[in-house]
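Each chain is listed here by its residues.
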Amino acid sequence: MMQGMRIVGGTPLNGTVKISGAKNLALPALVATLLTDAKITFSNVPNLSDVNCILSLLESLGSKYENDTKGTITISTPTILSHIAPYDIVRKMRASILVLGPLLARNHAAKVSLPGGCAIGARGVEMHLEALKLMGVDIALNDGYIDASAKKGLFGANIKLPFPTVTGTENVLMAATLAKGKTRIQNAAKEPEISALIDLLTLMGAKIEGKGTSEIIVNGVDSLRGTCFEIMSDRIEAGTYAIAAAITKGKLFLEGARYCDLKIFLDTLQNSGLTVLENENGITIAGRDSIKPCSISTGPYPGFPTDLQAQYTSLMTVANGTSTITENIFENRFMHIPELLRLGANISIHGNTATVNGVKSLKGAQVMATDLRASVSLVLAGLAAQGTTIVNRLYHLDRGYEALETKLKLCGANIERFNI
Ligand code: EPU
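Values in this document were obtained by computation on a predicted structure and should not be read as measured data. (Residues numbered from 1 in each chain as written. Predicted model: local features only at pLDDT ≥ 70, side-chain atom pairs only at ≥ 80, totals over all residues. Heavy atoms only, no water.)

Asks: Account for a nonpolar patch on the surface, with residues named and values stated.
Replies: On the surface, Met2, Tyr395 and Ile420 cluster together to form a nonpolar patch covering roughly 330 Å² of accessible area. Mapped onto the secondary structure, isoleucine 420 falls in the segment after strand S24 (414–419). (Patch = residues over 30% accessible without salt bridge, like charges linked within 9 Å, V, L, I, M, F, W, Y side chains within 5 Å. Areas by Shrake-Rupley, 256 points an atom, 1.4 Å probe, with all protein chains shown as cover. Salt bridge = Lys/Arg side-chain N within 4 Å of Asp/Glu carboxyl O. Helix = DSSP H or I, 4+ residues; strand = E, 2+ residues; numbered from the N terminus.)

In structure tokens:
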């Protein structure tokens, strides 16, 4: 059933938001369990449709799991029953490509549908494939599928990624844990989710050096074991609620958020005139009447996260002056902008830079978006707008934001989900 969100804007948000577990760690962490036949128990797993999607993919490959939907998932894959990730699942969630490395490592064969285009750009996977080829994998592309096999198993290799791709680094890292010999990944992504995945793999018995740096060394082992692992808090969800506080001129305590994961983003908010305080178990953000314009440019970690670009653009629409937003990671991640214009924003786009002229206030309207972060940026704009905003196509939000309207309502937002 199609659903929409009705928001009546103008109320400052005040209170505490409990930040959920990180989607972009939960997905690779669940996939990493394919590397062993032992049981792994995760805690703090967010209840999201993307998590359910990866669980059903893993189930089709032979995994068995118990999910209490309160954050604890126990999962094991006694044997790989299928090595195929079908088009119908991969087209819904690009992160399905993450099964490629672990399936090759454990099973020496994998057939994964090519992800194809998605709303935020072409997003190829050739860097994943070139790296795996260096590890001894034969790859053929047939009927829209990546047909990969490593008859003699995987071998350690020297890999220099052309770009620090996040899921590409994760795929190679997982594959390398069970490869024969040493793998060196240069220009590896350094996102906090990669460091956390290294922690998980290390608990499972993998031998990895270079956590948090752009050069990761993996010494392959014969087998991995079970463990228990807590999913860290979602830095992008935390950043999204930080903007909710700023754009409504309220004050929120983001329980569980980690300052170190969001440094450049929080520095930018401070430069915009907001108060940001690091507390023992979270971060406090306090808005103010006048928001200073502050230009940003997205980049790989530790740069400004592309996953917070749309939300930050919403904030700049009501800043006191002009700012520029440059998107360097994805070629087509400005789809929220035409929708923000419907709410009265003043923005022009030239190539990968958007120039935002702040307006006094936004006005409610009907809007819709084609990806997760763009959708939430419209919710944020709606919280600040005068009157009623309706955000359509809610399924994008449910992919990555646990209990969004419940969390916002607890802080005073006037927001309601409805069936269309
Ligand atoms: N790229 C290629 N070829 C490749 C790999 C990447 O051209 O082989 C390009 C992509 O097209 C893109 C850029 O490199 O333009 C960066 O892509 P990256 O591979 O780093 O992104 P990803 O691994 O597909 C993850 C997150 C995204 C997040 C990006 C960037 C997960 C499951 N997904 O995607 O999260 O935006 O890193 O930080 O970790 C989201 O949560 O909303 C989301 C899209």
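Now that the structure is up, let's keep going.
Asks: Tell me about the sheet that holds strand S11 (residues 182–186), residues and numbers included.
Replies: Within a sheet, neighbouring strands are paired by backbone hydrogen bonds and run either parallel or antiparallel to one another. Strand order in the open sheet formed by 4 strands is S10-S11-S13-S12, and the pairing between neighbours is mixed. Of all strands in the sheet, those with a lone pairing partner are strand S10 (158–160) and strand S12 (207–209), marking the two edges. With direction set aside, neighbouring strand axes in the sheet form an average angle of 15°. (Pairing = 2+ DSSP bridges. Axes fitted to C-alpha atoms, helices over the stretch in contact; angles between N-to-C directions.)

Asks: I'd like a description of unusual backbone geometry, backed by residues and values.
Replies: At the junction of tyrosine 301 and proline 302, the peptide bond is cis and its omega measures out at 10° in the coordinates. Backbone geometry places histidine 108, a non-glycine residue, at a positive phi of 65°. Here histidine 108 shows up in the loop between helix H4 (100–107) and strand S7 (109–113). Residues other than glycine seldom take positive phi values, yet aspartate 143 does so here, at roughly 50°.

Asks: If you had to explain the nonpolar core to someone new, which residues and values would you point to?
Replies: Counting residues in hydrophobic clusters, the biggest one holds 77 residues, and the most contacted among them are Phe42, Val99, Leu100, Leu173 and Leu201. Among residues more than four places away in sequence, those in contact with leucine 173 are Ile185, Ile194, Leu197, Ile198, Leu201, Ile208, Ile216 and Val218. Among the nonpolar cores identified, the runner-up in size contains 68 residues, and Phe265, Leu269, Ile285 and Ala381 belong to it. (Core = buried A, V, L, I, M, F, W, Y, C linked by side-chain atoms within 4.5 Å. Buried < 20%, exposed > 50% of the residue type's maximum accessible area, 1.4 Å probe, protein only. Contact = heavy atoms within 4.5 Å.)

Asks: Go over the site of the ligand with me, naming the residues and quoting the values.
Replies: Residues in close proximity to the ligand total 21 residues, the closest being Thr165, Thr167, Asp307, Ile329 and Arg373. Measuring from an oxygen atom of the ligand, one finds a side-chain N or O atom of threonine 167 at 2.6 Å. Contact distances for the ligand include 2.6 Å between an oxygen atom and a side-chain N or O atom of aspartate 307. Contact with the protein chains hides 88% of the accessible area of the ligand, taken as 830 Å² for the molecule alone. Where the shell around the ligand is concerned, the elements lending two or more residues are helix H1 (23–32), helix H5 (126–134), helix H6 (166–177) and helix H12 (372–384). Broken down by element, the shell around the ligand gets its largest block of residues, 3 residues, from H5. Of the residues assigned to the shell around the ligand, the class counts are 8 nonpolar, 6 polar and 7 charged. (Near = heavy atom within 4 Å. Polar contact = N/O pair within 3.5 Å; in protein donor to acceptor, adjacent residues only side chain to side chain. Nonpolar A, V, L, I, M, F, W, Y, C, P; charged D, E, K, R; others polar.)

Read these as geometric descriptors, not functional statements.
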